[in-house]
Every structure is written in C-alpha cells, then in structure tokens.
Amino acid sequence: MKQPLGVILAGGQATRMGGGDKGLLQLGVQSVLGHVIERLTPQVDRVALNANGDAARFAGLKLPVLPDSIDGFAGPLAGVLAGLDWAAEQGADTIVTAAADTPFFPGDLVPQLLLASEGMTHPLVLAATPDAKRGTARHPTFGLWPVALRDDLRAALQGGLRKVVMWTQTHEGREALFPHEDAFFNINTPQDLARAQEMI
Ligand SMILES: Nc1nc2c(ncn2[C@@H]2O[C@H](COP(=O)(O)OP(=O)(O)OP(=O)(O)O)[C@@H](O)[C@H]2O)c(=O)[nH]1
C-alpha cells in the first residue's frame with residue numbers, strides 16, 4: 001500500500017470556544033494547528049487542511065485548503081469526504097485524518113492504523129482508547145480511510161448520515177487501540193486550552 005496522505009479536519013464551528021478557529025489559537029510557541037502539522041507531517045506523504053470559509057486565514061501554513069462539498073455543517077464526515085476527493089485527484093489510495101483541535105495525538109498514529117488495517121480490502125480504521133464504561137472509545141476524527149469508498153460516503157452524507165461510527169460499522173471498520181486514555185485530548189473550551197497550556 002502507498003503511504004497515506006494526511007488531512008487535518010478544521011471544518012467545525014467551535015461553538016464551545018465562542019466561534020473562530022480553534023486551530024489558530026496560540027499554544028506555547030505556536031498555534032494548536034502548528035502542533036498538529038508537526039506531528040502529522042512525518043507520518044504521511046503530504047498534508048492538506050480541511051476548512052470552510054475564507055482560506056486566506058490559513059495562508060501562512062502553506063497547505064492546500066479543502067472546503068466541504070456538502071452543504072451546511074455536516075460534521076467531520078464531510079471533511080473526510082473532502083479529503084478523499086483530494087486524495088483521488090492526487091492518485092492516492094488512502095488518507096489519515098487528524099483533528100485540528102488535538103495537539104498531542106500519538107507520534108505512531110499512522111503506523112498503528114496501518115497495522116490494524118492489515119488484510120482489509122478497503123482499509124477503514126478508527127483510533128480508540130480504553131474506556132471504563134464501554135471498554136474502548138473510538139475517536140471519529142482520527143482514522144484511516146480508503147479512497148475506494150468515497151462515493152459510498154458521498155451517498156451516505158447526501159442521504160443525511162452524520163455519525164462517523166455508524167458509517168464505519170456499515171463497512172466493518174476496525175479500531176486501533178492506543179493505551180493512554182488521554183492520547184486524543186482535544187481542545188473544545190477555554191478551560192481545555194488552559195489545561196493544554198499546562199500539558200506542554
Ligand atoms: N469538515 C467539517 N469538519 C467538522 C464539522 N464539524 C466539526 N468538524 C470537525 O470535527 C472535529 C470535531 O469537532 P467538534 O469538536 O465536535 O466540533 P467543533 O465545531 O470543532 O466544536 P463545537 O462547535 O464546540 O462542537 C474538529 O476537527 C472539527 O473541525 C463540519 O461541519 N465539517
């Protein structure tokens with residue numbers, strides 16, 4: 001399998017943060033997105049950013065900016081579709097997604113997702129962490145996605161499907177387990193940002 005392309009999901013509305021772009025918030029010496037780019041870039045072939053609205057605000061990052069093609073804010077799956085359409089243009093087979101608000105995700109994200117996908121015709125794997133109640137918790141914005149299923153995903157979104165896990169289940173998606181409960185700590189609120197400042 002070719003090395004996946006990387007797609008950073010930054011297409012949300014950040015309502016709990018009061019709007020704006022969570023990825024452009026300052027965290028230590030760089031933006032939250034800067035941390036995400038730094039972690040993802042060495043693990044993939046190339047990186048693009050999925051974001052809606054005026055792309056000029058991300059010009060300094062020097063990454064392709066991919067808007068959602070589904071009307072309205074359809075959730076992270078719309079960003080996955082934008083990433084898969086870009087990957088198809090680039091001749092790639094798969095993408096790995098990472099959320100723009102999750103600055104400390106594992107440095108072995110991509111190898112672990114690839115390992116979990118061995119033997120799958122259409123590699124579809126979500127990252128997961130241990131969860132006291134459910135056994136494991138899946139992280140729907142961190143996954144390995146096959147370009148071959150992009151038209152199926154487009155049809156599902158056009159039919160109103162929004163839940164990532166529901167779509168992956170219809171394709172017998174797997175999970176890759178990361179042992180640390182906080183491996184995908186994400187910034188949703190000003191309190192989360194303060195906690196992240198303490199963590200770096
Ligand atoms: N492309 C795309 N990505 C989205 C959309 N909604 C959420 N996301 C992304 O999905 C991930 C998780 O998003 P959430 O934290 O649930 O939503 P959010 O909009 O970032 O924040 P809240 O509005 O506070 O829930 C983030 O990486 C978001 O950028 C959307 O409509 N389109």
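The structure presented is a predicted model; accordingly, all values stated were derived computationally and were not measured. (Residues numbered from 1 in each chain as written. Predicted model: local features only at pLDDT ≥ 70, side-chain atom pairs only at ≥ 80, totals over all residues. Heavy atoms only, no water.)

## Digging into the pattern of salt bridges
Pairs can form between side chains of opposite charge whenever their charged atoms are close. What counts here: We define a salt bridge as a contact between a side-chain nitrogen of Lys or Arg and a carboxyl oxygen of Asp or Glu at a distance within 4 Å. Three exposure classes are used, based on accessible area relative to the maximum for each residue type with a 1.4 Å probe and protein chains only: buried under 20%, partly exposed in between, and exposed over 50%. By definition, any uninterrupted DSSP run of H or I lasting at least four residues is a helix, any uninterrupted run of E lasting at least two residues is a strand, and each is numbered from the N terminus.
Evaluation of the coordinates by the stated rule reveals nine salt bridges. Ionic pairing is found between Arg 134 and Asp 131, a salt bridge with its closest N-O pair at 3.5 Å. Under the relative-accessibility criterion, Arg 134 is labelled exposed at 64%. With a shortest N-O distance of 2.6 Å, Glu 175 and Arg 138 are connected by a salt bridge. Residue Glu 175 is located in strand E9 (residues 174-177), and its partner Arg 138 is located in strand E8 (residues 135-146); the two are separated by 37 residues in the primary sequence. When salt bridges that share partners are traced, they join Asp 85, Arg 150, Asp 151 and Arg 154 into one network.

## Considering the packing of aromatic side chains
What counts, and what does not: We call Phe, Tyr and Trp rings a pair once their centres come within 6.5 Å, taking the six-membered ring for Trp, and we label the pair stacked below 30 degrees between planes, edge-to-face above 60, and tilted otherwise.
Under the criterion given, the structure shown has four aromatic pairs. For the pair Phe 105 and Phe 142, a centre-to-centre distance of 5.3 Å together with 50° between the ring planes defines the contact as tilted. Taken together, the residues Phe 105 in the loop between strand E6 (94-99) and helix H3 (109-116) and Phe 142 in strand E8 connect sequence positions 37 residues apart. A ring pair is formed by Phe 142 and Phe 184, whose centres lie 4.7 Å apart and whose planes are at 55°; its orientation type is tilted. Of this pair, Phe 142 sits in strand E8 while Phe 184 sits in the loop between E9 and helix H6 (190-199), placing them 42 residues apart in sequence. We note that Phe 142, like Phe 184, is buried. Taken together, Phe 105, Phe 142, Phe 178 and Phe 184 form an aromatic cluster joined through their ring pairs.

## Things to note about the UniProt feature "binding site: Mg(2+)" (unreviewed entry) in the protein chain
Spelled out, the test is: UniProt positions are given in the numbering used here, feature names are shortened, and annotations may be inferred rather than shown by experiment. N or O atoms closer than or at 3.5 Å make up a polar contact, with two conditions inside protein: a donor-capable atom paired with an acceptor-capable one, and, for residues adjacent in sequence, both atoms drawn from side chains.
Residues annotated by UniProt as "binding site: Mg(2+)" (unreviewed entry) correspond here to Asp 101. Mapped onto the elements, Asp 101 comes out in the loop between E6 and H3. Of the polar contacts made by the side chain of Asp 101, one reaches the side chain of Asn 186; its length is 3.4 Å.

## A closer look at the site of the ligand
We apply this condition: It suffices for a single heavy atom of a residue to lie within 4 Å of a molecule or strand for the residue to be listed as near it. The protein chains shown are the only cover counted for residues, whose accessible areas, like all others here, come from Shrake-Rupley with a 1.4 Å probe. Charged residues are taken to be Asp, Glu, Lys and Arg, nonpolar residues to be Ala, Val, Leu, Ile, Met, Phe, Trp, Tyr, Cys and Pro, and polar residues to be all remaining types, Gly included.
In the vicinity of the ligand, 21 residues are found, and the nearest of them are Leu 9, Gln 13, Thr 15, Asn 50 and Asp 68. Contact between the ligand and Ala 74: an oxygen atom at 3.2 Å from a main-chain N or O atom of the residue. At 3.3 Å from an oxygen atom of the ligand is found a side-chain nitrogen or oxygen belonging to Asn 188. Against a free-state accessible area of 600 Å², the protein chains account for coverage of 83% of the ligand. Each residue belonging to the shell around the ligand can be placed in one class, and the counts come to eight nonpolar, nine polar and four charged.

## Description of H3
Selection rule: Directions drawn from the helix axis to the C-beta atoms are what define this arc. Here a residue-residue contact requires only that any non-hydrogen atoms of the pair lie within 4.5 Å.
Those residues of H3 that fall on the buried side of the exposure criterion are Leu 109, Val 110, Leu 113 and Ala 116. Projected down its long axis, H3 carries its buried residues within an arc of 130°, all on one side. Turning to H3, the residues buried within the fold contact E6, strand E7 (125-131), E8 and E9.

## A look at the pairing of E8
Where a strand is regular, its side chains alternate between the two sheet faces. To keep it simple, the criterion reads: DSSP-based pairing: two strands are paired if at least 2 bridges between them are found.
Pairing analysis gives four bridges linking E6 to E8, with the strands arranged antiparallel. For Thr 94, the partnering residue across the bridge sits in E8 and is Pro 146. Here seven bridges tie E7 to E8, and the two strands are oriented antiparallel to one another. From the neighbouring strand, Leu 126 faces E8, where its bridge partner is Gly 143. The hairpin turn running from E7 into E8, its antiparallel successor, is three residues long.

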